[in-house]
Amino acid sequence: MTSLWFDSRSETGAGITTDPFEPDARYDEVVVGAGLTGLVTALLFARTGKRVAVLESRSIGAVATGRSTAKLSLLQGSQLQKIRAHTYQSIVQAYVDANRAGQEWMLDYASSSGVAVQRRDAVSYAGTAAGVETVGREFRIARASGLDVRLVDSTDLPFETFGAVVLTDQAQFDPLDVLTALAADVRALGGVIVENTRVTGVRASDPAEVRTSRGTVFGAHVHLTTGVPILDRGLYFAKLRAQRSYAGSYEVPESGALPQSMYLSVDAPSRSIRTVPGAGGETSTLIVGGNGHPVGRAGDTQRLVDDLHEWTARHFPGAVPTHSWSAQDYETPHRVPFVGYLPRGRGRIYFASGYDKWGMTNAVQAALTLFSDLSGDSPSWAKTLHHRATLPAAMASGIGANAATGWWALKGWAGVLAGPSTDALPLPAEGEGLIGRSGIHPTGTSTVGGRTCQVSAVCPHLGGVLTWNSAETSWDCPLHGSRFAPDGTLLEGPTARDLRV
Ligand SMILES: Cc1cc2nc3c(=O)[nH]c(=O)nc-3n(C[C@H](O)[C@H](O)[C@H](O)COP(=O)(O)OP(=O)(O)OC[C@H]3O[C@@H](n4cnc5c(N)ncnc54)[C@H](O)[C@@H]3O)c2cc1C
């Protein structure tokens, strides 16, 4: 499943060739991960003359950023009330201020780098009568946090809605345009971006030792901007919930009638809607996202993609799907991102995660935080977010998430032990993956593109039994969200290891 953004570019991510890996090289800042967080972090340090290396296990933007719907908005569905339900209004205010700083930085950057941005209203709408209360609550909290929102009774969407909150003059873009510009700027300032280089471990020595699939490099500081942190120090993988979700792009006849704002439902079914301008400025492409679920726990995922297409065809007659894709992002118990130093990292290892599908602003505020903390000049919103207290509601949410993880761990192993041996299974049909056991060891067999592969179906992170993701033909871990290709190659998640073959 290729995103609309990648399809117009070469296969090497944002279309820029990788820099060479230099074993034993020493840098001031080693940034792990070339998504939006990593590249903004790299640029901020490179601008002050630091020697910067970005190490990327796949290619620029390959994981979440290149598959985002890329709305740059301070009105974020019903996000503010989710945060308010788990913490104080002062934290909501700091979150809004942080996102405002992230948005302003990005708009300035896009303007000075020639990256195309479309200004659009953001609309959080109720798709059911039950959602009206949520809309009202979001309006009140957004207002109390200084956002100039307004309430409307109806929208220009071609289906019934039950009122909405609107914030004018937000923005959208093509996320790979932004990454391409950032990568070029990092390189122009002497930074290197090395793709196909997986970081497998970091020792908090002085300088920190960064072990990779291609050798070791050293850095005064290491920034883990890897989506979920790849090191288990601080057990952040257990505090984050990996949520996968789907998107489709559609060519629409009579495109002049397409609604022009950026929409997000506040109730189920969750739907994110935006348009994409064509080369001549006309709008003929629609993007619809939704049907999210915890990674590895959805059963037949292809049905979720099909459902998105059916829903779009119903509400936008004649819409023809051109692409469908999927991505995951991470949710914290209080819905505020984690940004800062990693425990037991001796002040050398930093990380950022937990943007809850609002990374276009949050990745930038996280990068600004990482940079300003090390420069000794943190903005007041960053200080407030750093000193956030964990309230019982957030603790309860964390406990609930871990209980669910424990249940999935048991369910996976019990299912395998009670199930057939691998020898007794039929050869999987094209696009199918089956779990069996060799003795008591779970084994996954799949057929994709005519090739049958057999791998260990046990996640190398913490031993969860993997499930088959039919939409993306991958093995996904229901515990903490690691994902693997049919041949066992790691795609994403907290582990740094492939599956045993
Ligand atoms: C379906 C969907 C739609 C979204 N839409 C929006 C939206 O409209 N607006 C919005 O604000 N946000 C949106 N988001 C959220 C946003 O896309 C993400 O929060 C953001 O892209 C995360 O950026 P990142 O740099 O942290 O992660 P990523 O872009 O995932 O970058 C992390 C990088 O680290 C690399 N990496 C991982 N492990 C290693 C390792 N061991 N060694 C080296 N490299 C490694 C990965 O390969 C990856 O390239 C959406 C998210 C999803 C899932």
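The structure presented is a predicted model; accordingly, all values stated were derived computationally and were not measured.

### Comments concerning the overall build of the protein
Piece 1. A count of helical and extended segments in the protein gives eleven helices and 24 strands.
Piece 2. For the C-alpha atoms alone, the extent of the protein along its principal axes is close to 60 × 55 × 50 Å.
Piece 3. Across the 501 residues that make up the protein, the buried fraction comes to 59%.
Piece 4. When contacts within the protein are restricted to residue pairs at least 6 apart in sequence, long-range pairs at least 24 apart make up 69% of them.
Piece 5. Of the roughly 19,300 Å² of accessible surface on the protein, 53% is carried by carbon and sulfur atoms.
Piece 6. Here the protein contributes 44 positive and 47 negative side-chain charges, whose respective centroids are spaced 8 Å apart.

### Section: helix α11 (residues 392-418)
Piece 1. With 27 residues, α11 extends 38 Å between its outermost C-alpha atoms, agreeing within 8% with the 39 Å of an ideal straight helix rising 1.5 Å per residue.
Piece 2. For α11, the complete set of buried residues consists of Ala-394, Ser-397, Gly-398, Ala-401, Thr-405, Trp-408, Gly-412 and Val-416.
Piece 3. Elements that come into contact with the buried residues of α11 comprise β11 (241-251), β18 (432-438) and β19 (441-448).

### Examining the sheet that holds strand β23 (residues 483-484)
Piece 1. The sheet built from four strands is open, its strands ordered β21-β22-β23-β24 with antiparallel pairing. Two strands close off the open sheet at either side, each with one partner strand: β21 (467-469) and β24 (490-492).
Piece 2. The pairing of β23 with β24 spans two bridges and is antiparallel. Paired with Arg-483 across the bridge in β24 is Glu-492.

### So, the pairing of strand β17 (residues 349-353)
Piece 1. Most of β17 is tucked away: five of the five residues are buried.
Piece 2. Alternating positions in β17 separate into two faces, Ile-349, Phe-351 and Ser-353 on one and Tyr-350 and Ala-352 on the other, with burial throughout.
Piece 3. Pairing of strand β10 (residues 215-224) with β17, which is carried by three bridges, proceeds in the parallel orientation. Counterpart to Val-222 in the pairing with β17 is Ile-349.
Piece 4. In this sheet, β17 lies alongside strand β16 (residues 338-341) in antiparallel orientation, the contact comprising four bridges. Across the sheet, the residue bridging to Tyr-341 is Tyr-350, located in β17.

### Observations regarding the packing of aromatic side chains
Aromatic ring pairs are reported here in terms of the distance separating the ring centres and the angle at which the planes meet.
Piece 1. Overall, the coordinates contain eight aromatic pairs when judged by the stated rule.
Piece 2. Centre to centre, the rings of Trp-105 and Tyr-109 are 5.2 Å apart; their planes meet at 10 degrees, and the pair counts as stacked. Of this pair, Trp-105 and Tyr-109 both sit in helix α4 (residues 89-113), four residues apart, which is roughly one turn of that helix.
Piece 3. The exposure class assigned to Trp-105 is buried, which follows from its relative accessible area of 13%.

### Quick word on the UniProt feature "domain: Rieske" (unreviewed entry) in the protein
Piece 1. Using the residue numbers shown here, the UniProt feature "domain: Rieske" (unreviewed entry) corresponds to residues 422-501.
Piece 2. Between the end C-alpha atoms of residues 422-501 there is a gap of 14 Å, over a span that is 0% helix and 40% strand.

### Things to note about the packing of helix α2 (residues 36-46) against α4
Piece 1. With their axes 13 Å apart at the nearest point, α2 and α4 run at an angle of 75 degrees to one another. The orientation of α2 with respect to α4, classified from their angle, is roughly perpendicular. From α2, Leu-36, Val-40, Leu-43 and Leu-44 reach across to α4, where they touch Trp-105, Met-106 and Tyr-109.
Piece 2. Here the contact of α2 with α4 is built from residues that sort into seven nonpolar, no polar and no charged.

### Quick word on the nonpolar core
Piece 1. Counting residues in each nonpolar core, the largest one holds 78 residues, and the members touching the most others are Leu-36, Leu-39, Trp-105 and Leu-182.
Piece 2. Residue-level mapping places this core at the junction of two domains, with at least three residues from each of domain 1 (4-66 + 176-239 + 335-391) and domain 2 (118-171 + 242-329).
Piece 3. Setting aside anything within four residues of it in sequence, one finds Leu-36 in contact with Thr-65, Met-106, Val-178, Leu-179, Leu-182, Gly-359, Met-360, Ala-363 and Val-364.
Piece 4. Core analysis: the second largest hydrophobic core is formed by 29 residues, Val-32, Val-228, Leu-231 and Ala-242 among them.

### Some words on the domain arrangement of the protein
Accessible area lost during the coming together of the parts is what is often quoted as the interface size.
Piece 1. Domain boundaries in the protein define domain 1 (4-66 + 176-239 + 335-391), domain 2 (118-171 + 242-329) and domain 3 (398-492).
Piece 2. Of the residues lining the interface, nine residues belong to domain 1; the matching set on domain 2 comes to 13 residues.
Piece 3. Surface buried jointly by domain 1 and domain 2 totals about 860 Å² across both partners, of which 66% is contributed by carbon and sulfur atoms.
Piece 4. Among the residues of domain 1 in contact with domain 2, Leu-4, Trp-5 and Lys-357 are the three that bury the most area, contributing 66% of the side total.
Piece 5. On the surface where domain 1 and domain 2 come into contact, there are zero salt bridges.
Piece 6. Remark: the boundary between domain 1 and domain 2 carries two residue pairs in polar contact (both at pLDDT 80 or more).
Piece 7. When the residues that make up the side of domain 1 that touches domain 2 are grouped by side-chain class, the tally is six nonpolar, no polar and three charged.

### Thoughts on the sheet that holds β18
Piece 1. Taken in spatial order, the three strands of this open sheet run β18-β19-β20, and their pairing is antiparallel. The strands lining the two open edges of the sheet, one partner per strand, are β18 and β20 (451-456). Direction aside, neighbouring strands of the sheet carry axes that sit 25 degrees apart on average.
Piece 2. Taken together, the seven bridges between β18 and β19 define a ladder with antiparallel strand orientation. Across the sheet, residue Ser-438 finds its bridge partner in β19, namely His-441.
Piece 3. Set on the sheet, α11 makes contact with β18 and β19; between it and β18 the angle comes to about 75 degrees.

The rules behind these values
Residues numbered from 1 in each chain as written. Predicted model: local features only at pLDDT ≥ 70, side-chain atom pairs only at ≥ 80, totals over all residues. Heavy atoms only, no water. Helix = DSSP H or I, 4+ residues; strand = E, 2+ residues; numbered from the N terminus. Buried < 20%, exposed > 50% of the residue type's maximum accessible area, 1.4 Å probe, protein only. Contact = heavy atoms within 4.5 Å. Areas by Shrake-Rupley, 256 points an atom, 1.4 Å probe, with all protein chains shown as cover. Lys, Arg positive; Asp, Glu negative; His and termini not counted. Charge placed at Lys NZ, Arg CZ, Asp CG, Glu CD. Expected span 1.5 Å × (residues − 1). Pairing = 2+ DSSP bridges. Phe/Tyr/Trp six-rings, centres within 6.5 Å; stacked < 30°, edge-to-face > 60°. UniProt positions renumbered as here; feature names shortened; annotations may be inferred. Axes fitted to C-alpha atoms, helices over the stretch in contact; angles between N-to-C directions. Parallel < 35°, antiparallel > 145°, perpendicular 65-115°, else oblique. Nonpolar A, V, L, I, M, F, W, Y, C, P; charged D, E, K, R; others polar. Core = buried A, V, L, I, M, F, W, Y, C linked by side-chain atoms within 4.5 Å. Domains from an automatic or database assignment. Buried area = accessible area lost by both parts, 1.4 Å probe. Salt bridge = Lys/Arg side-chain N within 4 Å of Asp/Glu carboxyl O. Polar contact = N/O pair within 3.5 Å; in protein donor to acceptor, adjacent residues only side chain to side chain.

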